[in-house]
Amino acid sequence: TIWMHRLYYESLYSGQYLRDIALSPDGGFILVGDASSYNRPTQDIWVVKVDSNGCYTPSCHSRVYDIRLGINRLNQEPIKWKIYPNPTSDFLRVELADNEAGLYQITSLEGKVVIEGGLNELSDIDVSMLSNAMYELVLRVGSRTESKLFYKK
């Protein structure tokens with residue numbers, strides 16, 4: 001097995017079936033299937049969209065891709081950072097420890113990149129033009145990537 005991710009439906013004792021997989025225009029994949037529980041006679045249909053590395057969220061990292069590059073993310077030191085205020089209305093302040101700098105992306109929970117740029121040790125990101133909603137701030141410092149959720153009010 002090169003890549004696997006488990007998504008459970010109710011319990012391990014339910015039936016989940018992959019029915020079809022298709023390549024999406026962005027190089028990822030769309031998977032469809034159904035799940036049914038042995039405890040009830042209904043059936044649910046599911047659709048999962050993943051990128052070309054098998055990730056279904058912007059902050060996901062593929063171990064297959066990392067292994068091919070010789071990166072072991074399991075032994076990396078976490079990024080020391082914080083964001084505030086959360087929730088925010090105009091600006092989101094990002095503080096990076098250890099005099100680091102990095103790149104960031106703000107994505108909607110649907111995965112659409114809405115803002116991106118660079119960060120220094122202390123940076124303010126203007127989020128005033130965003131709609132009121134939950135967003136994910138994805139931070140990349142060197143080969144390390146982490147994310148945090150924030151709410152724009």
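Up top is the structure these notes are about.
Residues numbered from 1 in each chain as written. Predicted model: local features only at pLDDT ≥ 70, side-chain atom pairs only at ≥ 80, totals over all residues. Heavy atoms only, no water.

Draft legend 1. Molecular detail of the pattern of salt bridges. Taken as a whole, this structure holds four salt bridges when the rule is applied. Where lysine 82 meets glutamate 95, a salt bridge forms, and the shortest distance between an N and an O atom there is 3.9 Å. Taken together, the positions of lysine 82 in strand 4 (residues 81-84) and glutamate 95 in strand 5 (residues 91-96) put the pair 13 residues apart, joining distant regions of the chain. Judged by its relative accessible area of 24%, glutamate 95 is partly exposed. (Salt bridge = Lys/Arg side-chain N within 4 Å of Asp/Glu carboxyl O. Helix = DSSP H or I, 4+ residues; strand = E, 2+ residues; numbered from the N terminus. Buried < 20%, exposed > 50% of the residue type's maximum accessible area, 1.4 Å probe, protein only.)

Draft legend 2. Representation of the nonpolar core within the structure. Residues Trp81, Ile106, Ile125, Val127, Leu137 and Phe150 are the most contacted members of the largest nonpolar core, which totals 18 residues. With four residues, the single largest contributor to this core is strand 9 (residues 133-141). Leaving out residues up to four positions away in the same chain, leucine 137 has contacts with Trp81, Ile83, Leu92, Val94, Tyr104, Gln105, Ile106, Ile125, Glu146, Ser147, Lys148 and Phe150. (Core = buried A, V, L, I, M, F, W, Y, C linked by side-chain atoms within 4.5 Å. Contact = heavy atoms within 4.5 Å.)

Draft legend 3. Geometry of the environment of asparagine 99. Inspection of the secondary structure puts asparagine 99 in the loop between strand 5 and strand 6 (102-108). On the basis of relative accessible area, asparagine 99 is assigned to the exposed category, the value being 61%. C-alpha of asparagine 99 to C-alpha of leucine 122: the two residues are 23 residues apart in sequence and 9.0 Å apart in space.

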